[in-house]
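Structural description and commentary
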Amino acid sequence: MITATTTPSQKELIPAGNYIARCYQMIHIGHVREMILGDIKTLNKVRIGWELPTEKKVFNPEKGEQPFVISEEYTLSMHEKSNLRKTLASWRGKDFTIEEATSFDITKLIGVSCMLNIIHKPAKSDPSRMYQKIGSISPLAKGVTCPPQINPSSVLEYDKFNFAFFNSLPDFIKDKIKQSQEFMKLSSPEQTIFTNDDEANYSDDLPF
């Protein structure tokens, strides 16, 4: 008997715990529509990626050992209640001033080291399956150093869009980017784009 099923295999997870990490990737997804607590909101999203230089594995024999990586998606907002601001404040060990929060270029985080606490949680759609996420982020403790960066720094931004980098991304990320106002405008300048009238300007513990 050869039986086909619809049950996907469990993705290999990074063991839960604390890790030395370095930010190496920043992907501006753009304004996309998402269902939040029963309402459709337009949210400006960004995906930040970290490598764990002390945790390596051979994923591809041709490339040899490579560091594990993890990324999180955030609403691109520096509102005092936003998850991004809380995360960045925890990362640097202090909150932002009003002036700093008015306009903060998050690409400055590329190459910056930190400590990540990685946790496992059951998926809402299938509690038998676990997924990994960042539980918290903090500065490196005194005396602790982060090894040199392994993966090349990579940034996707719309004012100088890198199609080669875009095409190298996993399909699920590319598919979400393609739904954004910015990408649709980039691809079809004459296309009518949905407005930001319903855009959420802050994120009060919203999922990301």
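Residues numbered from 1 in each chain as written. Predicted model: local features only at pLDDT ≥ 70, side-chain atom pairs only at ≥ 80, totals over all residues. Heavy atoms only, no water.

To continue, consider the nonpolar core. Among the nonpolar cores identified, the biggest contains 26 residues, and Cys23, Met26, Trp50, Leu52, Leu88, Trp91 and Leu116 are the most heavily contacted of them. If you list the elements that add at least two residues to this core, you get strand 1 (17–36), strand 2 (39–60), strand 3 (64–75), helix 1 (83–92), strand 4 (113–122) and strand 5 (130–138). If you look at the next biggest cluster of nonpolar residues, it comprises twelve residues, including Ile29, Phe161, Leu169 and Ile177. (Core = buried A, V, L, I, M, F, W, Y, C linked by side-chain atoms within 4.5 Å. Buried < 20%, exposed > 50% of the residue type's maximum accessible area, 1.4 Å probe, protein only. Helix = DSSP H or I, 4+ residues; strand = E, 2+ residues; numbered from the N terminus.)

Taken over all residues, the pLDDT of the protein has a mean of 87, while the share at 70 or more is 86%. Across residues 197–208 the pLDDT falls below 50, and counting only partners more than four positions away or on other chains, this stretch makes 31 contacts in the model. (pLDDT = per-residue confidence, 0-100. Contact = heavy atoms within 4.5 Å.)

Here we come to helix 1. Buried residues dominate helix 1, accounting for seven of its ten residues. Those residues of helix 1 that fall on the buried side of the exposure criterion are Asn83, Leu84, Arg85, Thr87, Leu88, Ala89 and Trp91. Lining the buried residues of helix 1 we find strand 1, strand 2, strand 3, helix 2 (98–102), strand 4 and strand 5. Note on helix 1: the residue one or two positions beyond its end, Gly93, has a positive phi of about 85°.

Applying the stated rule across the entire model yields eight aromatic pairs. Where Trp50 meets Trp91, the ring centres are 5.9 Å apart and the plane angle is 50°; that geometry is what we call tilted. Here Trp50 is found in strand 2, whereas its partner Trp91 is found in helix 1, with 41 residues between them in sequence. By relative accessible area, which is 5% here, Trp91 ends up buried. Joined through ring pairs, the aromatic side chains of Tyr158, Phe161, Phe163, Phe166 and Phe183 make up one cluster. Sitting over the face of the ring of Phe96, Arg92 holds its NZ or CZ atom 3.9 Å from the ring centroid. (Phe/Tyr/Trp six-rings, centres within 6.5 Å; stacked < 30°, edge-to-face > 60°. Lys NZ or Arg CZ within 6 Å of the ring centre and 35° of its normal.)

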